Amino acid sequence: MNRALALWASAATPKPSWNVAHDVHQLFSYPFMRHAFLAGSIVAVLAGVVGYFVVLRQSSFAAHALSEVGFAGAAGGIAYGFSAVSGLLVMSLLGATLMGLLGKRLRGRDAVIGTVLAFSLGLGSYFLTRYKGNASGAFGLLFGEILGISAHDIWVIALAGAATLVVMAVIYRPLLFSSLDEDVAEARGVPIRGLSVAFLLLVAVAVTAAVQVVGVLLIFSLLVTPGAIADRLCRTPSRAVALCVALSLAFVWAGLVVTYYSNFPVGFLITAFAFGSYLLVRLATAIHTTKADRPPILMNSR
Amino acid sequence: MTKQAVIAPAPLAAPATGDGRAPGPAADVTARDLAASYGRTPVWSGATFDIAPGEFVAVLGPNGAGKSTLLRLILGVQHPASGLLRVMGDPPARGNPAIGYVPQRRPIDPDVRLAGTEFVKLGLSGHRWGIGVPGRRAELDRRVEEAVAAVGAEGYARQPLGTMSGGELQRLMLAQAVVGGPRLLLLDEPLASLDVRNQMTVAQVVAHLAGARGMAVLLIAHDVNPLLPVLDRVMYIARGQVTIGHPDDVITSEHLSALYDANVEVLHDSKGRLFVVGLEEEAAHPHRHERVPADGG
C-alpha cells in the first residue's frame, strides 16, 4: 500500500485527458484511490447524517472537543503501542458519555467544554513526545491520511458507519423533537438526557471514522459545514439530512479527484470546497432574504 | 380569610370526597393539600382544587411564585413535595398524550429555516421512535393541516420559523400542542411579549379551540384583562398560597391585600377591566425574580 503510494507520489502528477471514462478508469486503477473513495464516501454519509443534528443542537463546539479528546486517545494509543484508532474511539466515547451526563443542555457550556478540550490537547502533545517514532503518525492524526487507508480500515469504518446509521434511524424523531423543542419533548416523555448521551456517542463514532479521512483539525468540514449549509436552505429535516449527505459526498469526491490531478493535499481541498460552498450559500440567502422575505399579507399583522 | 382558603368552590367541579384521597371522578386535574418545592425551597403549599373538563382557568401571580411549577407538576416532569395530585384520575406521568403543553417562549433564531408545519408535526409524532412509516405520512399531514387551520395559521404555517412574529409563533406552538387531540391544555405565558391586539386574538383562539374540542385550559398570564371575556375561574398563586375562584372573588382589594400583606386596591373601569394598584414595586420590575436560562437555552 505505502509502496504504491510512494510510487505514485514520485511519478509526475497525472493530467486529466478530458475523456471522462478513461480518466475514471485510470483513477480507480490505483487500489489506494479505490480505498480512499470507498472510505471517504462512507464517512461522508455518516458525517452528513450526524452533522445536521450537530448543527441543529448547536453542539459544534462539543463535536470539536470530542475530536480533540479523541486525538489525545489516538496519541496515547500510538505512544503505548496499541492502535491509534482504538485509542481514538475509546477516548471519544468516554468524553461523549461525560459530556452527555454533564447536563441535559449542552448549549452554553462552552467554558466547561473548552477546559476539557485544552487539557486533551495537552495530554495529546505529551503522548506524542513519549512516542519515539517519526512525526508522520501525528501529522496523519491531525490532518488525515485518506490515501493511506487499508482494506481493514475500510471494514472498520463501514461497520461503525452502519451501526451509527441504524441507531440514528431509531432515534431520529425523538432526537429531532428534543433538538428543536426540548421542553415540550421532555413533557411528552422523550428521554432528553438519554438521547443527549446517545447522540454524543454517535458523534464520537462519526468523529473516529472522519478522523481517518480529514484528521482531527479538519473534521468540521465534514461534520459541521454541510449541516450549516443545509440548515440555511431546507424547510424540512428530511430534506436537510439528504442535502447534508449529498454535500459531504460532493466535497470528499471533489477533494479526491482534484488531489489526484494536483499537488494540493486532500484535507485542504475538502475544507476549501466546503468553505467555498458555505460562503456562496450565505451570499445567496442574504440576497434572497433582502429581496423577498415573506408574503406581504402578513406584514400588517406584525 | 384563612390561609389556605379555597374561594368560591368550583362551579363545575365534582365535589371533593372529603377523605382527601379519592379525586372527583369527573375532574381533569385534582389537587388536595398539594405542595411544591424547588429543590429544598418550598414554593407553595396547601393547594386544593378541581379543574373540570372544558374549564378555562387563568393562572395569575407574581414572577417566581410557582405558576410554571404547577404546570410542571401536572406534566409529571417535577414531583410534588407533598399532597395529592391526579390528572384525569391518575397520578401525573410524563408523556401523557391527553395533555397539550406550550412552554414559555424563548426567542427563535431568525436563521431557522424549518417550516412551521414541521414544528407542528413534532407534536404528533416527535416522541415516536424510528423515522416513521411512509404510508402514514398523508394522514399526519392531514392532521397537521387541521391543527394549523384550527389556530388560523394557514397563511404562514409553511414559512420558516425564524421569519415569524411572536403572535404567529404562538399560534403555531398552540397548533403543535393541540394536534394530538389533548383533553387538557397547559399554556405558560402565551400572551407575554405580544401587543394588546395580539393578546386578545390569541386568547380568543385558545378559548374558541378549547370550547370546540371540550379541552380544559390552564393559562398562565400576567394581565388578566385580555382573558376576562373567556375565562371561567382564576387561580392566584402568591406568597406560597394557591387560591382559585371567580375573578370577582379572587381579584378583590380585600383578598389581594391579605395575600400580599399590603394595602392593595383593585379598581374596575367602565368596561369591566381590572386594575391592581399598590403593587407598583412588583409591576415596575416584572422580571425581577425570573430565572433567566443560560445563554442559548
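Structure's up top.
Here the structure is a predicted model, which means the values were calculated and not measured.

K.L.:
How should I be thinking about the interface of chain A and chain B in this particular structure?
P.N.:
Note: interface size is frequently given as the accessible area lost on complex formation between the parts. At the interface, 35 residues of chain A touch 32 residues of chain B. Secondary-structure elements contributing two or more residues to the side of chain A that touches chain B are α8 (151-180), α9 (182-187) and α12 (225-233) of chain A. Take the side of chain A that touches chain B: its biggest share by element is nine residues, from α8(A). Considering only residue class, the side of chain A that touches chain B consists of 17 nonpolar, five polar and 13 charged.

K.L.:
How should I be thinking about the packing of helix α4 (residues 60-79) of chain A against helix α5 (residues 84-102) of chain A in this particular structure?
P.N.:
Geometry of a packed helix pair, given as the angle between the helix axes and the separation of the axes. Residues and elements named next belong to chain A. Where α4 contacts α5, the axes come no closer than 7 Å and their chain directions differ by 140 degrees. Viewed along their axes, α4 and α5 adopt a mutual orientation that is oblique. The handedness of the crossing between α4 and α5 comes out as right-handed. Seen from α4, the contacting residues are Ala62, Leu66, Val69, Gly70, Ala72, Gly73, Ala74, Gly76, Gly77 and Ile78; seen from α5, they are Ala84, Ser86, Gly87, Leu88, Val90, Met91, Ser92, Gly95, Ala96 and Met99. Here the contact of α4 with α5 is built from residues that sort into 12 nonpolar, eight polar and no charged.

K.L.:
When you look at the sheet that holds strand β2 (residues 41-51) of chain B in this model, what are you seeing that I'm missing?
P.N.:
Hydrogen bonds along the backbone pair up the strands of a sheet, which may run parallel or antiparallel. Residue and element names in this part refer to chain B. Taking strand neighbours across the sheet as the criterion, the three strands line up as β2-β1-β4 in an open arrangement whose pairing is antiparallel. The outermost strands of the open sheet, each flanked by one partner alone, are β2 and β4 (82-87). Neighbour to neighbour, the strand axes of the sheet diverge by 30 degrees on average, direction disregarded. This element, helix α1 (residues 67-75), spans β1 (29-38), β2 and β4 of the sheet and lies at about 115 degrees to β1.

K.L.:
Any chance you could explain the environment of A:Val205 here in plain terms?
P.N.:
All names here are of chain A. Residue position: Val205 is located in helix α10 (residues 192-214). For the pair formed by Val205 and Thr164, sequence separation is 41 residues and the distance between their alpha carbons is 7.4 Å. Here Val205 is in contact with Ala160 and Thr164, once residues within four sequence places are set aside.

The rules behind the values
Residues numbered from 1 in each chain as written. Chains lettered and ligands numbered in written order. Predicted model: local features only at pLDDT ≥ 70, side-chain atom pairs only at ≥ 80, totals over all residues. Contact = placed C-beta atoms within 7 Å. Helix = DSSP H or I, 4+ residues; strand = E, 2+ residues; numbered from the N terminus. Nonpolar A, V, L, I, M, F, W, Y, C, P; charged D, E, K, R; others polar. Axes fitted to C-alpha atoms, helices over the stretch in contact; angles between N-to-C directions. Parallel < 35°, antiparallel > 145°, perpendicular 65-115°, else oblique. Left-handed = near helix turned anticlockwise from the far one by under 90°. Pairing = 2+ DSSP bridges.

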